[in-house]
Amino acid sequence: MGPQPFHSMSLKVSELLCPLTNNWDLDKIRHHLPQYEDTILQIKTISVPSLDTLMWLPESSGSYSTKTGYGLGMLANRVKSDEDTSFNWLKNIWNINTSPKIKDFIWKVVRKAIPVSANLERRGMAPFVCKKCGAPEDDLHVFLKWPVAAEVWNLVPTRFSPSPSLSSMADMLTGAQGMIPLPPTCLTSPIWPWILWNLWKARNGLIFENRAFTAHENALKSITDAKEWSSALPQRSTNAFPQEPAHVLLATCAPRPPPSFPLGILIAKAFFRVRIPPILPNLCESQNHVSSALMAEAIAVRLAVVTASLQAWSCIGWEMDQLKENRRKKV
Ligand SMILES: [Zn+2]
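Here goes a summary of the coordinates provided. In this text the structure is predicted, and so the values were computed from the model without any measurement.

The subject of this paragraph is the overall build of the protein. Across its full length, the protein carries 13 helices and 5 strands. Classification of the 331 residues of the protein by burial places 22% in the buried group. Restricting to contacts in the protein with at least 6 residues of sequence separation, those with at least 24 account for 50%.

Unlike most non-glycine residues, Asn 22 shows phi in positive territory, near 65°. For Asn 22, the position within the fold is in the segment before helix H1 (26–32). With 14 C-beta atoms packed within 10 Å, Asn 22 lands in the partly exposed category. Within the chain, Asn 210 stands out as a residue other than glycine whose phi angle is a positive 60°.

Turning our attention to helix H9 (residues 147–155). Turning to H9, its buried residues number three or more, namely Val 148, Ala 149, Val 152 and Trp 153. The buried residues of H9 occupy one face: seen down the axis, they fall within an arc of 135°. Away from its buried face by more than 90 degrees, H9 exposes Pro 147 and Asn 154. On its buried face, H9 is in contact with helix H8 (139–145), helix H11 (192–209) and helix H12 (215–232).

A few words on the nonpolar core. In this structure, Ala 149, Val 152, Leu 196 and Leu 199 are the most contacted members of the largest nonpolar core, which totals 37 residues. Listing elements by their share of this core, those giving two or more residues are helix H6 (100–110), H8, H9, helix H10 (169–174), H11 and H12. Element by element, the count of residues in this core is highest for H11, at 8 residues. Those residues within four positions of Ala 149 in sequence are excluded, and the remaining contacts are Val 142, Phe 143, Leu 144 and Leu 199. In this structure, Val 290, Ile 299, Ala 304 and Ala 308 belong to the second largest nonpolar core, which totals 7 residues.

Now for the packing of H6 against H11. Relative orientation of the contacting elements H6 and H11 amounts to 70°, with a least axis distance of 10 Å. Taken together, H6 and H11 sit at an angle that is classed as roughly perpendicular. Handedness of the crossing formed by H6 with H11: left-handed. Where H6 approaches H11, its residues Ile 102, Phe 105, Ile 106 and Val 109 are matched on the opposing element by Pro 193, Leu 196 and Trp 197. Residue composition of the contact of H6 with H11, grouped by class: 7 nonpolar, no polar and no charged.

Rules and cut-offs
- Residues numbered from 1 in each chain as written.
- Predicted model: local features only at pLDDT ≥ 70, side-chain atom pairs only at ≥ 80, totals over all residues.
- Helix = DSSP H or I, 4+ residues; strand = E, 2+ residues; numbered from the N terminus.
- Buried ≥ 20, exposed ≤ 12 C-beta atoms within 10 Å, placed from the backbone.
- Contact = placed C-beta atoms within 7 Å.
- Arc of directions from axis to C-beta.
- Core = buried A, V, L, I, M, F, W, Y, C linked by C-beta atoms within 7 Å.
- Axes fitted to C-alpha atoms, helices over the stretch in contact; angles between N-to-C directions.
- Parallel < 35°, antiparallel > 145°, perpendicular 65-115°, else oblique.
- Left-handed = near helix turned anticlockwise from the far one by under 90°.
- Nonpolar A, V, L, I, M, F, W, Y, C, P; charged D, E, K, R; others polar.

Dropping the structure here:
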């Protein structure tokens, strides 16, 4: 396969679309860009004509920002370390029974995205020392080796404490599953995320406000925070609907695909659960070249919304397990 012939040099995307249906014209794709057929067909076109707009997908607003541009650039250049490939992010961070803000914080710690001296130095900034003891400051110093930190880990009753010889925060988190809180804390959720959180707050309090916390205060605060969070859990409502709409669409995809499936055939189904007649049939549509489970659900929702719109419904709701949240929309 050689370079593009001269006559197709100024070809536009719109010329690969059928002007009536706005779907991809398979013959034209096979004629001009046969090597990209699968990739192109995974891009689902909209069914109504609309103007082209520039869209920066990493931002929800669609507008480019240097922040996300820089982030993507860093991601592309980042050399994968052993830590990245072996560390179990789900087990060690995202599935921990603790507050979402703390999971987010721990993720930043492991990603070396918190502003301790060693992390800032890696980004070209001048290093500084620990304000408490004058030692070089890195994440392990703040969370493990700093004298206050070491004392906090000893004070809080857990089945075992992190070893001072650990070489990285990822190692500490990997072994953290065994740091089970013991009586008399009466805790049913892990205490160690709250210890990390309060050590970080203590470090910042010392640097920015010159406030020193003792290890006892820090340990007590961690236990209190963990208890308060656990006791608040049953009162939290998980129902996002203030009032259930008359018609609820359940958009699902079957079979549930594996995390990556480059070219699957996916069946998008839209189930109508109707509280008020008329009863609508379940809709089913199968499509090739569906790039992800999320895309399959988007197709199912579109099918359901178009059908509901034709039925002249004024208000519908839908539930999607991929986005893990309920949505309400007027059609
Ligand atoms: Zn120190």
